[in-house]
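Residues per chain, in single letters:
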Amino acid sequence: MEELIAALEREASVEAETKLERARREAAELLAACREELTLRMEDDLERREQVLRAQMALAAGRARRAGRSEVLRARDALLGRVRMAAQEHIAGLETDPDYLVGLAEELREALGFLAEGPAEVRCRPALVAPLVEALEDLKRGDVQLREEPSLETGFVVRALDGHAEVDARLGARLERMWPELALLALATAAERGWVGGAARE
């Protein structure tokens, strides 16, 4: 009987040790699996954070580029506005400029050349009446009337009395027609000289 009890105790001890070893192994496997799962989750979380950060950086870079372009466009607009204002101020003073007045007769001849023969009217500012009268006399165009118009810009407008044609020789109108080309020239000059916001870096 004692031997049987001892044998049963040994079997029970071996079985308990086996179960304990199996439990330890299962616990180790579970712990390893938990660690692996935790690592994967941390890696996924880190990747998501990196993706969010990259997206935020891309948005910030896009905003910076747009802000830079807007600043450049505002600087260009400001520069072109100053150039245009300066051109308009220059034009306003040309009606007393000797060089402009000397060339007025040729401009009038060319303008009348665009009209068919027949009565016409020339409108101009009071300051240009005298040189235009002299030009008409030289051209022997007694069929052309001259009318003062104080509100008119520097230059003159020639119109056939029958209304078939009109030539606008006002300097402001010329500036308007030439402005796209002049604006490109102004921007090219600004780029060549390194201007920023209208101030030269020299």
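Residues numbered from 1 in each chain as written. Predicted model: local features only at pLDDT ≥ 70, side-chain atom pairs only at ≥ 80, totals over all residues. Heavy atoms only, no water.

S.K.: Could you give me a rundown of the sheet that holds strand S4 (residues 166-168), with the residues and numbers involved?
M.R.: Taken together, the four strands give an open sheet; going across it, the order is S2-S1-S3-S4, and neighbouring strands pair in mixed fashion. Lying at the two open borders of the sheet, with one neighbouring strand each, are strand S2 (144-148) and S4. Each strand of the sheet is rotated relative to its neighbour by a mean of 15 degrees, with strand direction disregarded. Two strands pair when backbone bridges link them, and strand S1 (residues 120-124) and S2 are joined in this way by five bridges, in the parallel orientation. Paired with Glu121 across the strands is Gln145, a residue of S2. Strands S1, S2, strand S3 (156-160) and S4 of the sheet are contacted by helix H2 (residues 98-113), whose axis makes an angle of about 25 degrees with S3. (Pairing = 2+ DSSP bridges. Helix = DSSP H or I, 4+ residues; strand = E, 2+ residues; numbered from the N terminus. Axes fitted to C-alpha atoms, helices over the stretch in contact; angles between N-to-C directions. Contact = heavy atoms within 4.5 Å.)

S.K.: Go over helix H3 (residues 129-139) with me, naming the residues and quoting the values.
M.R.: Looking only at H3, the buried set comprises Val129, Leu132, Ala135 and Leu136. Taken down its axis, H3 places every buried residue within 125 degrees of arc, on the same side. Opposite the packed face of H3, turned more than 90 degrees from it, sit the exposed residues Ala130, Glu137 and Asp138. Looking at the residues trailing H3, positive phi occurs at Lys140, about 55 degrees. (Buried < 20%, exposed > 50% of the residue type's maximum accessible area, 1.4 Å probe, protein only. Arc of directions from axis to C-beta.)

S.K.: Account for the packing of H2 against H3, with residues named and values stated.
M.R.: Where H2 meets H3, the closest approach of the two axes is 9 Å, and the angle between their N-to-C directions is 55 degrees. One way to sum up the angle between H2 and H3 is to call them oblique. For the element pair H2 and H3, the recorded crossing hand is right-handed. Contacts between H2 and H3 involve Leu101, Leu104, Ala105, Leu108, Arg109 and Leu112 on the former and, on the latter, Pro131, Leu132, Ala135, Leu136 and Leu139. The residue inventory of the contact of H2 with H3, partitioned by class, reads 10 nonpolar, no polar and one charged. (Parallel < 35°, antiparallel > 145°, perpendicular 65-115°, else oblique. Left-handed = near helix turned anticlockwise from the far one by under 90°. Nonpolar A, V, L, I, M, F, W, Y, C, P; charged D, E, K, R; others polar.)

S.K.: Let's hear about the side chain of Thr154: which residues, and what values?
M.R.: When you line up the elements, Thr154 lands in the loop between S2 and S3. Engagement of the side chain of Thr154 in a polar contact is seen with the backbone oxygen of Ile91, the distance being 3.4 Å. Contacts of Thr154, omitting those with residues within four sequence positions, involve Ile91, Ala92, Leu94, Glu95, Tyr100, Arg125, Arg170, Leu171 and Gly172. (Polar contact = N/O pair within 3.5 Å; in protein donor to acceptor, adjacent residues only side chain to side chain.)

S.K.: Which residues make up unusual backbone geometry, and what are the values?
M.R.: A positive phi angle, close to 55 degrees, is found at Lys140, a residue other than glycine. Inspection of the secondary structure puts Lys140 in the loop between H3 and S2.

S.K.: Talk me through the confidence of the model for the chain; I want residue IDs and the actual numbers.
M.R.: On average, residues of the chain score 79 in pLDDT, and 78% of them are at 70 or above. Here strand S6 (residues 199-200) stands out as the element of the chain with the lowest mean pLDDT, 40, in contrast to S1, whose mean of 95 is the highest. Scored below 50 in pLDDT, residues 196-202 makes 10 contacts in the model with residues more than four places away or belonging to other chains. (pLDDT = per-residue confidence, 0-100.)

S.K.: How would you sum up the nonpolar core? Please name residues and give values.
M.R.: Ranked by size, the top nonpolar core spans 29 residues in total, and within it Leu108, Leu115, Val122, Leu132, Phe156 and Val158 carry the most contacts. Dropping the residues within four chain positions of it, Val158 is found in contact with Leu108, Ala111, Leu112, Leu115, Ala120, Glu121, Val122, Ala165, Glu166 and Val167. (Core = buried A, V, L, I, M, F, W, Y, C linked by side-chain atoms within 4.5 Å.)

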